[in-house]
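Next come the chains, spelled out residue by residue.
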Amino acid sequence: MGGIKRTWLLAVVLASLAAWYWSLVGEGTIERSPPQGDAELVQTYLVNTRSMAFAEDGALAEVMEASRIEHFGRDDVSELRQPRFYSHDGNNRTWSARADRGTLKHRNSVLILRRNVVLSNDQSGATLQTRAMALNLRLRTARSQVPVTAQLDGNILRADGMFADLANETILLQPNVEGTYVPTGS
């Protein structure tokens, strides 16, 4: 999905220009820690960001937000703090994901979420909670290979992993699935 790359590239260019301008007028310092050995320096910092990607028909496809992004140019990877991702299908069907930390691999459009990860189907209210999850933004899929808790209407399912197809709104929990069913109207 080239639109996402263009959107991120535009955001990076604008942030770089803003940082350059602020360095000229003496406003806004950019915090940097000294490099440790072969550690790559952050190429660009973005604070309180939001990017939107649109489908070919002009419908909103994705929204990505973060409180802070650090882009590393050599590996074409961005580290995100408090990332939030929204996937739209053009028919008011959305999924939301949030976490404490994330890594966006730009080359293959994979967003890896870590710590307090929650994936929600915004229409049904179903949630998947885990400590790590990978979202393939091109294929619109999510995968976790660590324990997951799924909740909907008081019912709870636990599994050692899961796969979600966001486009078709299907979730496969496996292996070792356990459930707690709460009957309604009882």
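Caption draft 1: Highlighting the overall build of the chain. When its secondary structure is counted, the chain shows 1 helix and 14 strands. Within the chain, the fraction of its 186 residues that count as buried is 38%. Counting only contacts in the chain whose residues sit at least 6 apart along the sequence, the fraction spanning at least 24 positions is 37%. Split by element, the accessible area of the chain, about 11,200 Å² in all, is 51% carbon and sulfur.

Caption draft 2: Looking closely at the confidence of the model for the chain. For the chain, per-residue confidence averages 81 on the pLDDT scale, and 77% of positions sit at 70 or higher. Taken together, the stretch residues 26–35 has pLDDT below 50 and engages in 10 contacts with residues farther than four places along the chain or on a different chain.

Caption draft 3: Structural detail: the side chain of Glu70. Here Glu70 shows up in strand S2 (residues 60–72). A polar atom in the side chain of Glu70 sits 3.2 Å from the side chain of Arg68.

Caption draft 4: Here's a closer look at the side chain of Asn121. For Asn121, the location among the structural elements is in strand S7 (residues 110–121). For Asn121, the side chain forms a polar contact with the side chain of Glu169, separated by 3.0 Å. When sequence neighbours within four positions are dropped, the list of residues in contact with Asn121 reads Thr94, Trp95, Ala126 and Glu169.

Caption draft 5: Local environment of the environment of Arg107. Along the polypeptide, Arg107 turns up in the loop between strand S6 (101–105) and S7. With relative accessibility at 53%, the residue Arg107 sits in the exposed group.

Caption draft 6: Here's a closer look at the pairing of strand S13 (residues 170–173). Bridge count between strand S12 (residues 162–165) and S13: 4 bridges; the pairing is antiparallel. Bridge assignment links Ala164 to a residue of S13, and that residue is Ile171. Hairpin connection from S12 to S13: 4 residues lie between these consecutive antiparallel strands, with Glu169 at a positive phi of about 55 degrees.

Definitions and cut-offs
Residues numbered from 1 in each chain as written. Predicted model: local features only at pLDDT ≥ 70, side-chain atom pairs only at ≥ 80, totals over all residues. Heavy atoms only, no water. Helix = DSSP H or I, 4+ residues; strand = E, 2+ residues; numbered from the N terminus. Buried < 20%, exposed > 50% of the residue type's maximum accessible area, 1.4 Å probe, protein only. Contact = heavy atoms within 4.5 Å. Areas by Shrake-Rupley, 256 points an atom, 1.4 Å probe, with all protein chains shown as cover. pLDDT = per-residue confidence, 0-100. Polar contact = N/O pair within 3.5 Å; in protein donor to acceptor, adjacent residues only side chain to side chain. Pairing = 2+ DSSP bridges.

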